[in-house]
Amino acid sequence: MSMNLTPDDRAFCDEVRAFVAENLPASLARKVANDQLLTKQDYLTWQQALGRRGWLAYTWPKDAGGPGWSAVQQFLFEGICAELNAPPIVPFGTRMAGPIIREFGTDWQKKRFLEPIRQSAEWWCQGYSEPSAGSDLASLATRAERRGDTYVVNGQKIWTSWAHHADWMFCLVRTSREDRPQKGITFLLIDMRSPGVDVQPIRAIDGTHSYNSVFLTDVEVPVSHRVGEEGQGWTCAKFLLSLERLDNASAGFIKRALNKLRTAAEKTQQADDPVFQSTLADVEIRLRALELLGVEVLASASEGRAPGPEVSAIKIRSAELFQFILELTVQVCGYASLPYDGRLLQGETSEPAFAPSYSALAAPKYFNRRAVSIFGGTTEIQKNIIAKRVLGF
Amino acid sequence: MLNLMPAFTEEQSMLRDSVARFARERGGLDNRRQSSAEPHGFSAEGWQQFAENGWLAAIFPEALGGIGGGAEEMAIIMEVIGRGLLTEPYLASVVLGGKLVERLGSPAQANALLAPMIDGRTRLALAFVEPRSGYDLFRIDTTLKRSGSKRVLDGVKIAVLNGDTADTLLVTARTEEGPVVVIVPRDAAGVRIDGCATVDGLRGANIALSSVHIPDSHILGDPTRAIDALEYTIDLATAAVCAEAVGAMSELLTITTEYLKTRRQFGRALSDNQALQHRAVDMYVALHETRVLVVDAIRGFDERLVGDRKAAVSAAKAHTGAAARLIGQEAVQLHGAIGTTEDCIVGHYFKRLTAIDLLFGNRTWQLRRFSKARLQQGPGR
């Protein structure tokens, strides 16, 4: 993938590679490469190393404690980390709670929360979706009743990634019923240790646990933990859309999956099969298109232009391609995909027990990643965005 | 949309009704969880019911203690297994094990192995997949060799369906004269069974065989007929999982359609979106196109010429694989986030359909075999 890198960019890449070599334990990189589940400590090990270097909040401007990287440097950093099998950075602190607190928070909130976010000293989770409020998030119903200096919160959040690891949750709650549902939403920061917060695990179809339900029963939240004004919560949440950028990590995950597919084909003597070669060619062309689209968005970002709705096209294709590669890998592995190696999947061992390593977790990975076309904005919603904002329907 | 495998006779209708009753009571997600947690991966009591109701006898000739049915009865049972997400090892023990014994075994061997199996007292498993075999039934590295006055079996088998707890293994091996099938009791010296759960919630095993002594009486039937018998058995098992998939896909379509009508976002039902209605329609069309190919492969299974049989089975399986992928993936996607959780039955159907596509030849392999079979059939067919 050719990008015109300046000598400074090349030096930057060297710096990033050197950092990863020094700070990413080989055993952790192996777990990531093998699609095994990571522990809380696994994530913290990497994130806190980045934090010490000042690189965890890499999208923050310099005056907020970020490294002041250009759009190109951010892009390169993401690609190299994915290529070298660094754990994905949990986004809820640095990419969501942090920017919102910086933009809308009180001085106290900024002092209290931003530095721990920069250092990964506190773990954040996102209290947005509810059982009846998925794609239609504005219809959320978790209530917050003001009583003096406290909000009393009741309701249920769902699909809360890593809530079981989290110290804090940023939460959209309803403080009033208005003509438009968005108007009655307020943004609260909730201490996960508060009485009344109950986290229940949700198991995905591959047997792993990352999502949760968070039940909130008479949870008391000080008014000083409200970000922005009452009823300004939707505005806070929408602010993040203006910060949206194309994360180059997804391309990295796709390339990793593609390498696994090639390995599986070689090990099973299918790499020379003309049908496979033709299918692989199509996959590689689609990946090339995605990379070119990404570089185009990057060029816009470098010129200060925020990405537009065409980013939805990239999200759609990126999810499709990733899912297709995982599906094809299971096909190529055939019978070797059948045994379920729970201990390997959970990261309890590095040795597969029933099948060769190239196939041992192919099926669970395929099952689990059906979620990429659903979470963070379904493919259907992405299509609606293009339909409305690009095609003018 | 019930009962897509046809019942042509009154007995077949009664069979279908009784198996469907079993599935209504013992199928579904909670039952599946319980069954998967059982020591053998299925309910011993459920298997006894299979035996008592004569379902284990359905496809064997009366002379061997069966009821005289065939592929049609098998398809009726398998469709219900698919619909109900049942975990009983009918495919492994009755079809893969039992039918091979019936086709290849001597009368004495058939009686000895089938009678207790039909009674529900013992179970069979067929070990024919190897680490390097892919889908080639006759790429066999496991050897049966003479060692002095004995014969010994050496090799490794993988993906032995329900091989973790079967009483008797039927193992394919290579000799100088060609492939053979040998009978191996699970506790024979030199047999190591590594049982595991499979990704679709069922059970399997890897089996290592080290100098296992095989007496002459344990070579199944006349080895010169082994190739035909094995091909027949795998073709039958392929047709069986196609029928199972039709049942599963039909349930998924029903569940998904219902969900689209009841789930509301943005002030309206999901089904108010024409785009989503059409996707459900696509699932329906794929299902019914697959159904007729599966029914065609099942009808007259025993009467067909081998080349015709291979073409019909591969056609059914290739299409089943493609439909299973579409319907499984769409069912999950149309359910949104809940479709990705273990608490929703949709994901479990999706996983089983994924596994079925991998069994006995995935869709790419089946297309190739169909091509070869058609070439052999020649023009004008």
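Owing to the predicted nature of the structure, the values given are computational and were not obtained by experimental measurement.

Draft legend 1. Focus on the overall build of chain A. A count of helical and extended segments in chain A gives 13 helices and 8 strands. For 393 residues, the compact-globule estimate of 2.2 N^0.38 gives 21 Å, and chain A sits close to it at 22 Å. With the C-alpha coordinates of chain A rotated into their principal frame, the extents come out at 70 × 50 × 50 Å. Every one of the 393 residues in chain A was classed for burial, and the buried ones make up 54%. For chain A, the proportion of contacts with a sequence separation of at least 24, taken over those separated by at least 6, is 72%. Working note: accessible area of chain A is about 17,500 Å², and carbon and sulfur atoms make up 51% of it. Between the averaged position of the 44 positive side-chain charges in chain A and that of its 45 negative side-chain charges there is a distance of 2 Å.

Draft legend 2. Representation of the overall build of chain B in the model. When helices and strands are counted, chain B shows 11 helices and 9 strands. Counting only C-alpha atoms and orienting by the principal axes, one finds that chain B spans roughly 80 × 55 × 40 Å. Across the 381 residues in chain B, those meeting the buried criterion constitute 61%. Expressed as a percentage of contacts within chain B between residues at least 6 apart in sequence, the contacts between residues at least 24 apart total 74%. Across chain B, the mean location of the 43 positive side-chain charges is 5 Å away from that of the 45 negative side-chain charges.

Draft legend 3. Structural view of the nonpolar core. Judged by nonpolar contacts, the single largest core of 147 residues is most densely connected at Y335 of chain A together with M74, Y90, L91 and F360 of chain B. The element that contributes the greatest number of residues to this core is helix 7 (residues 226-262) of chain B, accounting for 20 residues. V90, L137, A138 and M169 of chain A belong to the second largest nonpolar core, which has 77 residues in total.

Draft legend 4. Fine view of the packing of aromatic side chains. Residues and elements named next belong to chain A. A complete count under the given rule lists 36 aromatic pairs over all chains for this structure. The interplanar angle of 65° and the centroid separation of 5.2 Å between the aromatic rings of W55 and W69 together place this pair among those described as edge-to-face. Highlighted residues: W55 in the loop between helix 3 (40-53) and helix 4 (71-83) and W69 in the loop between helix 3 and helix 4, separated in sequence by 14 residues. Judged on exposure class, the residue W55 and its partner W69 are both buried. Relative to W168, the ring of W124 has its centre 5.9 Å away and its plane inclined at 25°; by these criteria the two rings are stacked.

Draft legend 5. Here's a closer look at the pairing of strand 3 (residues 150-161) of chain B. Residues and elements named next belong to chain B. Taken together, the 5 bridges between strand 2 (residues 143-147) and strand 3 define a ladder with antiparallel strand orientation. Paired with L144 across the strands is L153, a residue of strand 3. Taking the residues between adjacent antiparallel strands as the criterion, strand 2 and strand 3 are bridged by 2 residues, where G148 takes a positive phi near 70°. Pairing between strand 3 and strand 7 (residues 203-213): 7 bridges, direction antiparallel. Note that in strand 7 the partner of V160 across the bridge is A205.

Draft legend 6. How the structure looks around the side chain of D136 of chain A. Within the secondary structure, D136 of chain A sits in the loop between strand 1 (124-127) and strand 2 (143-147). Buried within the structure, D136 of chain A lacks any salt-bridge partner; its nearest side chain of opposite charge belongs to R268 of chain B, at an N-O separation of 8.1 Å. Sequence-distant contacts of D136 of chain A, defined by excluding residues within four places in its chain, comprise Q265, F266 and G267 of chain B.

Draft legend 7. Representation of the environment of L287 of chain A. All names here are of chain A. Note that L287 resides in helix 9 (residues 274-302). Among the residues examined, L287 registers a relative accessible area of 8% and is labelled buried. Separated by 102 residues in sequence, L287 and I185 have C-alpha atoms that sit 40 Å apart. Apart from the residues lying within four places of it in its own chain, the contact partners of L287 are I254, K255, L258 and L321.

Draft legend 8. Region of interest: the side chain of T160 of chain A. All names here are of chain A. Residue position: T160 is located in the loop between strand 3 (150-158) and strand 4 (168-174). Note on T160: relative accessible area 0%, which makes it buried. Filtering out sequence-adjacent residues up to four positions away, T160 remains in contact with C125, Q126, M169, S210, Y211, N212 and V214.

Draft legend 9. The arrangement of helix 1 (residues 7-23) of chain A in detail. All names here are of chain A. If you check helix 1, its first and last C-alpha atoms are 24 Å apart, about what 17 residues at 1.5 Å a residue would give, namely 24 Å. Those residues of helix 1 that fall on the buried side of the exposure criterion are D9, F12, C13, V16, F19 and V20. Mapping the buried residues of helix 1 onto a view down its axis gives an arc of 125°, with all of them on the same face. In this structure, helix 1 carries P7, D14, A21 and E22 as exposed residues pointing more than 90 degrees from its buried face. Looking at the buried positions of helix 1, the neighbouring elements they touch are helix 3 and helix 4.

Draft legend 10. Region of interest: the environment of I219 of chain B. Residues and elements named next belong to chain B. Position of I219 relative to the elements: it lies in the loop between strand 7 and helix 7. C-alpha separation for the pair I219 and V184, spaced 35 residues apart in sequence, amounts to 9.3 Å. If near-sequence neighbours (up to four positions away) are discounted, I219 is found in contact with Q109, L144, R151, V181, V182 and I214.

Draft legend 11. Just the interface of chain A and chain B, in detail. Taken together, the 36 residues of chain A in the interface contact 42 residues of chain B. Together chain A and chain B conceal approximately 3,400 Å² of surface at their shared face, both sides included; 60% is due to carbon and sulfur atoms. Interface area lost by chain A to chain B is led by I205, Y335 and L338 of chain A, which between them contribute 25%. One can count 4 salt bridges joining chain A with chain B. Close ionic contact of E327 of chain A with R363 of chain B constitutes a salt bridge, the shortest N to O distance being 2.9 Å. Summed over the shared surface of chain A and chain B, the result is 24 residue pairs in polar contact (both at pLDDT 80 or more). Taken together, the elements giving at least two residues each to the side of chain A that touches chain B come down to strand 6 (197-203), helix 10 (311-333), helix 12 (362-368) and helix 13 (379-389) of chain A. Here the residues of the side of chain A that touches chain B sort into 21 nonpolar, 9 polar and 6 charged.

Draft legend 12. Examining the pattern of salt bridges more closely. Going through the model one piece at a time under the given rule, you end up with 47 salt bridges over all chains. Measuring nitrogen to oxygen at the nearest pair gives 3.1 Å for the salt bridge that ties R132 of chain B to D141 of chain B. Overlapping salt bridges bring together E327 of chain A together with R325, D357 and R363 of chain B as one network.

Draft legend 13. Examining a nonpolar patch on the surface more closely. All names here are of chain A. The grouping of V390, L391 and F393 at the surface amounts to a nonpolar patch, some 370 Å² of accessible area in total. For V390, the position within the fold is in the segment after helix 13. With relative accessibility at 45%, the residue V390 sits in the partly exposed group.

Draft legend 14. Looking closely at helix 5 (residues 90-104) of chain B. Of all the bends in helix 5 of chain B, the greatest measures close to 30° and is centred on G98 of chain B. Taken across its 15 residues, helix 5 of chain B has 13 buried, putting it largely inside the fold.

Draft legend 15. Local environment of the state of the cysteines. Residue and element names in this part refer to chain A. Following the criterion strictly, the structure yields 0 disulfides over all chains and no others. Of the cysteine sulfurs around C171, a residue in no disulfide, the closest is that of C125, at 8.4 Å. A relative accessible area of 0% places C171 in the buried class. No disulfide involves C236; its nearest neighbouring cysteine sulfur is the one of C171, lying 13 Å away.

Draft legend 16. Region of interest: the environment of M74 of chain B. Residue and element names in this part refer to chain B. By the secondary structure assignment, M74 is in helix 4 (residues 71-84). The class for M74 is buried, based on a relative accessible area of 0%. Separated by 170 residues in the primary sequence, M74 and E244 place their C-alpha atoms 9.8 Å from one another. Excluding its chain neighbours within four sequence positions, the residues that come into contact with M74 are I59, Y90, V95, L236, A239, A240 and I298.

Rules and cut-offs
Residues numbered from 1 in each chain as written. Chains lettered and ligands numbered in written order. Predicted model: local features only at pLDDT ≥ 70, side-chain atom pairs only at ≥ 80, totals over all residues. Heavy atoms only, no water. Helix = DSSP H or I, 4+ residues; strand = E, 2+ residues; numbered from the N terminus. Rg over C-alpha atoms; globule rule 2.2 N^0.38 Å. Buried < 20%, exposed > 50% of the residue type's maximum accessible area, 1.4 Å probe, protein only. Contact = heavy atoms within 4.5 Å. Areas by Shrake-Rupley, 256 points an atom, 1.4 Å probe, with all protein chains shown as cover. Lys, Arg positive; Asp, Glu negative; His and termini not counted. Charge placed at Lys NZ, Arg CZ, Asp CG, Glu CD. Core = buried A, V, L, I, M, F, W, Y, C linked by side-chain atoms within 4.5 Å. Phe/Tyr/Trp six-rings, centres within 6.5 Å; stacked < 30°, edge-to-face > 60°. Pairing = 2+ DSSP bridges. Salt bridge = Lys/Arg side-chain N within 4 Å of Asp/Glu carboxyl O. Expected span 1.5 Å × (residues − 1). Arc of directions from axis to C-beta. Buried area = accessible area lost by both parts, 1.4 Å probe. Polar contact = N/O pair within 3.5 Å; in protein donor to acceptor, adjacent residues only side chain to side chain. Nonpolar A, V, L, I, M, F, W, Y, C, P; charged D, E, K, R; others polar. Patch = residues over 30% accessible without salt bridge, like charges linked within 9 Å, V, L, I, M, F, W, Y side chains within 5 Å. Bend = angle between axes of the 7 residues up to and from the residue. Disulfide = S-S within 2.5 Å.

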